[in-house]
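Below, each chain spelled out in residue letters.
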Amino acid sequence: MAKTILAVDDSGSLRQMVVFSLRAAGYQVTEAVDGQDGLEKAKNAVFDLVLTDQNMPRMDGLTLIRSLRNLPTYQKVPILMLTTESSDEMKSKGRAAGANGWLVKPFDPQRLTEVVKKVIG
Amino acid sequence: MTREKQLGSQVRSLLSNLSEHGTQHLTEVETDLMQTSFLLGEAIEKLGASFMAIHEAVSAQQASIGLLLSGAQPTPELAEQLEARHEDIARHVNAAVTGLQFQDLTNQLLGRTLRRVTGLRTVLDVIGSGSADISEKNVEEIVKTLISINEALEEQSVKLESALWKAVCQTGMESGDIELF
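Residues numbered from 1 in each chain as written. Chains lettered and ligands numbered in written order. Predicted model: local features only at pLDDT ≥ 70, side-chain atom pairs only at ≥ 80, totals over all residues. Heavy atoms only, no water.

Colleague: I keep staring at the interface of chain B and chain A and nothing clicks. Help me out?
Modeller: Much of the literature gives interface size as the accessible area that the parts lose upon coming together. Counting from both sides, the interface comprises 23 residues of chain B and, opposite them, 32 residues of chain A. Between chain B and chain A, a total of about 2,500 Å² is buried, with carbon and sulfur atoms accounting for 57% of that surface. Applying the counting criterion to the chain B and chain A interface returns two salt bridges. For A:Lys105, the salt bridge identified is with B:Asp104, shortest N-O distance 2.9 Å. Connecting chain B to chain A are 15 residue pairs in polar contact (both at pLDDT 80 or more). Element by element, the count of residues in the side of chain B that touches chain A is highest for helix α2 (residues 76-100) of chain B, at five residues. Looking at side-chain class alone, the side of chain B that touches chain A contains eleven nonpolar, eight polar and four charged residues. When strand β5 (residues 101-104) of chain A meets strand β1 (residues 178-180) of chain B, the two strands line up antiparallel, connected through three bridges. In the sheet register, A:Leu103 faces β1(B), and the bridge partner there is B:Ile178. (Contact = heavy atoms within 4.5 Å. Buried area = accessible area lost by both parts, 1.4 Å probe. Salt bridge = Lys/Arg side-chain N within 4 Å of Asp/Glu carboxyl O. Polar contact = N/O pair within 3.5 Å; in protein donor to acceptor, adjacent residues only side chain to side chain. Helix = DSSP H or I, 4+ residues; strand = E, 2+ residues; numbered from the N terminus. Nonpolar A, V, L, I, M, F, W, Y, C, P; charged D, E, K, R; others polar. Pairing = 2+ DSSP bridges.)

This is the structure in structure tokens:
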């Protein structure tokens, strides 16, 4: 059975690239348009991995991670940030919030799938 | 301080604040637009190269398939060629997908520019509305009005700056770093 991934990003074109890359590698991907949408979808199904952007309307990535980590079902689910933000300060905040990794945009599809494979197989 | 000196001091503050904040915001707008231009230029260059490379690889693959269709024996060399073409295509498609992400980066920069320009217009509106009936006031009232305009100008400018965190520092379209915690 294919591993499931929740891809959260307010940019439709970026989500399209993530979905294209991960589906080609055999993963089942669900899209969410921002942190709030991501949280609602995460409450309805437990994904094997969450990949989220940081700067989004309604709810940003760090808030989403903190909210997910408060859910019993998401305490150990890997969460990766995929964002344009690249400062050490933001990475530290991500780590403190509960992120398991930080990927800076733009991403290379092959490297993205390699990382995802390393994290969830 | 005489009323005239107070008036002169407030006018000087107003003009100097307006110049300082206006220049600061417009310089940021200029920087963001230049960064957008660099990213767009590099993305178009990379996408053009990727599409040409995909076209070449697909044409070469088609030639190999054409050979097989015309009755050629599927030799190990031909199989290797087809495998190599397949890998070439995948590599070039990956490069194109990286390049296509320019829209996300430039959209954030343009959004920031738009918010800054809109904020700057609000700052100018504050000055315009504050000074609307200034000609009918006496010197003391004019000084009070100028103090109020200066405070509003400072407040609007700080509010605008705090809402404009720069999230995009990329100046090129090469793929970003990856760090697992």
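And the narrative resumes.
Colleague: Please clarify how the environment of B:Arg85 should be interpreted in this entry.
Modeller: Residues and elements named next belong to chain B. Its location among the elements puts Arg-85 in helix α2. Arg-85 sits 29 residues away from Glu-56 along the chain, and the two C-alpha atoms are 9.5 Å apart. Setting aside residues up to four positions removed in sequence, Arg-85 forms contacts with Ala-57, Ala-60 and Gln-61.

Colleague: Any chance you could explain the side chain of A:Thr84 here in plain terms?
Modeller: The residue A:Thr84 is located in the loop between β4 (79-83) and α4 (88-97) in this model. Residue classification places A:Thr84 among the buried residues on the basis of a relative accessible area of 1%. Here B:Gln108 takes part through its side chain, which lies 3.5 Å from a polar atom of the side chain of A:Thr84. Among residues more than four places away in sequence, those in contact with A:Thr84 are A:Val104, A:Lys105, B:Asp104, B:Leu105, B:Gln108, B:Ala167, B:Val168 and B:Gln170. (Buried < 20%, exposed > 50% of the residue type's maximum accessible area, 1.4 Å probe, protein only.)

Colleague: Can you help me understand the packing of helix α3 (residues 61-69) of chain A against α4(A) in this one?
Modeller: Each pair of packed helices gets described by two things: the angle between the helix axes and the distance between those axes. Residues and elements named next belong to chain A. Contact geometry of α3 with α4 gives a least axis separation of 9 Å together with a crossing angle of 15°. It follows that α3 is roughly parallel to α4 by the angle criterion. Seen from above, α3 lies across α4 with left-handed handedness. Mapping the contact onto sequence places Leu-62, Ile-65, Arg-66 and Arg-69 in α3 and Met-90, Lys-93, Gly-94 and Ala-97 in α4. A per-class count over the contact of α3 with α4 returns four nonpolar, one polar and three charged. (Axes fitted to C-alpha atoms, helices over the stretch in contact; angles between N-to-C directions. Parallel < 35°, antiparallel > 145°, perpendicular 65-115°, else oblique. Left-handed = near helix turned anticlockwise from the far one by under 90°.)

Colleague: For this particular structure, what's the right way to read the pairing of strand β3 (residues 49-52) of chain A?
Modeller: Each regular strand carries side chains that alternate between the two faces of the sheet. All names here are of chain A. The side-chain alternation of β3 yields two buried faces, one formed by Leu-49 and Leu-51 and the other by Val-50 and Thr-52. Strand direction decides the pairing type here: strand β1 (residues 4-8) and β3, joined by four bridges, are parallel. From the neighbouring strand, Val-8 faces β3, where its bridge partner is Thr-52. With three bridges connecting them, β3 and β4 associate as parallel partners. Residue pairing for β4: Thr-52 is matched across the bridge by Met-81. Since β3 and β4 lie parallel, the crossover through α3 that links them has a hand, and here it is right-handed. (Right-handed = clockwise from strand over helix to strand, strands pointing away.)

Colleague: Would you take a moment to explain the nonpolar core for this structure?
Modeller: For soluble globular proteins, nonpolar side chains are generally found buried alongside one another. All names here are of chain A. Residues Leu-6, Val-8, Val-50, Leu-68 and Tyr-74 are the most contacted members of the largest nonpolar core, which totals 23 residues. Counting only elements with at least two residues in this core, the list comes to β1, α2 (35-44), α3, β4, α4 and β5. Among residues more than four places away in sequence, those in contact with Leu-68 are Leu-39, Ala-42, Val-50, Tyr-74 and Ile-79. In this structure, Val-19, Leu-80, Leu-82 and Leu-103 belong to the second largest nonpolar core, which totals 20 residues. (Core = buried A, V, L, I, M, F, W, Y, C linked by side-chain atoms within 4.5 Å.)

Colleague: Would you mind going over the sheet that holds strand β2 (residues 28-32) of chain A with me for this structure?
Modeller: By definition, the strands of a sheet pair up through backbone hydrogen bonds, in either a parallel or an antiparallel sense. Taking strand neighbours across the sheet as the criterion, the six strands line up as β2(A)-β1(A)-β3(A)-β4(A)-β5(A)-β1(B) in an open arrangement whose pairing is mixed. Both outer strands of the open sheet, β2 of chain A together with β1 of chain B, are each paired with one neighbouring strand and no more. Across this sheet, the average inter-strand angle for adjacent strands is 15°, counted without regard to direction. Against the sheet, helix α1 (residues 12-24) of chain A makes contact with β1, β2, β3 and β4 of chain A, and its axis sits at roughly 170° relative to β2(A), the strand it touches most. Contacts between helix α5 (residues 109-120) of chain A and the sheet are confined to β1, β3, β4 and β5 of chain A together with β1 of chain B, with β1(B) contributing the most and set at about 5° to the helix.

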